[in-house]
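# Structural description and commentary
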Amino acid sequence: MGLKDKLLSFVAPVDDEDEDEEEFEEEVSEPKAAEPKPVSSYETKKNDNVKKIASDTKMVLFEPRSFEEAEEIARHLKQRRAAVVNLHRLQRDYAQRTIDFLTGVVFALDGTIQKIGHNVILCTPKSIGVDGEISLESDDD
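So, a few notes on the structure that sits alongside this text. Just so it is clear, the model here is predicted, and its values are computed rather than measured.

Criteria and thresholds
Here, residues in each chain are numbered from 1, in the same order as that chain's written sequence. pLDDT decides what is reported in this predicted model: residues at 70 or higher carry local features, side-chain atom pairs at 80 or more are listed and counted, and totals for whole chains, interfaces and linings draw on all residues regardless. To get the side-chain values, all heavy atoms of the structure are used, and hydrogens and water are removed first. Residues belong to one nonpolar core when they are buried, are Ala, Val, Leu, Ile, Met, Phe, Trp, Tyr or Cys, and are joined through side-chain atoms within 4.5 Å. Each residue is assigned to one of three classes by its accessible area relative to the maximum for its type, calculated with a 1.4 Å probe on protein chains only: buried under 20%, partly exposed between the two thresholds, exposed over 50%. Only DSSP runs of H or I with at least four residues qualify as helices, and only runs of E with at least two residues qualify as strands; both kinds are numbered from the N terminus onward. By the convention used here, residues are in contact when the closest approach between their heavy atoms is within 4.5 Å. If DSSP finds at least two bridges between two strands, the strands pair. Axis geometry follows a simple rule: fit a line to the C-alpha atoms, using only the stretch in contact for helices, then measure angles between N-to-C directions, giving values from 0 to 180 degrees.

### A look at the nonpolar core
Judged by nonpolar contacts, the single largest core of 15 residues is most densely connected at F62, I73, L77, A83, V85, L102 and C123. Of all the secondary-structure elements, those providing two or more residues to this core are β1 (59-62), α4 (70-78), β2 (82-86), α5 (92-108) and β4 (120-124). Examining the composition of this core, we find that 4 residues originate from one element, α5, more than from any other. Non-local contacts of L77, meaning those with residues more than four positions away in its chain, are made with A83, L102, V105, V106, L109, C123, T124 and P125.

Here is the structure:
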């Protein structure tokens, strides 16, 4: 026994029988339920976003080669699917005409249309929200 143990036994003497009873009581006691972990506001927001997105949400990628393919893109938007449209393969006039047509479709559906790259646009219906922003300006300026 060290000095500390002697001092403790002098101040608060403990019977050996009491120790045995305490150990037995601890073994018999019911297991405590695990306490739920506190959830941060970041995790709550993240989980809320996941719950809002329908499991059948789809995104369709298009690379039209003619203006006539814009009608197919419009059908997918009407079915509540987002569309990424790469206009690189279209002539400038047809690309502008496609953008004008899709802008009208998106407006009618209360959706959004965004330029996400050079000759690349993102069209989304009202049911799909888009967070964030893509800067199209170069950092070299």
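### Some remarks on the pairing of strand β3 (residues 112-117)
Every regular strand shows the same layout, with side chains that alternate between the two sheet faces. Where β3 meets β4, 5 bridges bridge the pair, whose relative direction is antiparallel. Paired with I113 across the bridge in β4 is C123. Taken together, β3 and the strand that follows it, β4, pair antiparallel across an intervening segment of 2 residues, in which N119 is found at a positive phi of about 60°.

### Regarding the sheet that holds β3
In space, the 4 strands of this open sheet follow the order β1-β2-β4-β3, with mixed pairing throughout. Sheet topology places β1 and β3 at the edges, where each strand pairs with a single neighbour. Strand-to-strand, the axes of this sheet are offset by a mean angle of 20°, without reference to chain direction. Note that β2 and β4 share 4 bridges and pair antiparallel. Across the sheet, N86 pairs through a bridge with V120, a residue of β4. In the packing of α4 onto the sheet, the strands contacted are β1, β2 and β4, and the crossing angle to β1 comes to about 170°.

### Things to note about unusual backbone geometry
Phi is positive for R80, which is not a glycine, with a value near 65°. The topology assignment puts R80 in the loop between α4 and β2. In the Ramachandran plot, D110 falls in the positive-phi region, its phi being about 60° despite a non-glycine side chain. You can see D110 is positioned in the loop between α5 and β3.

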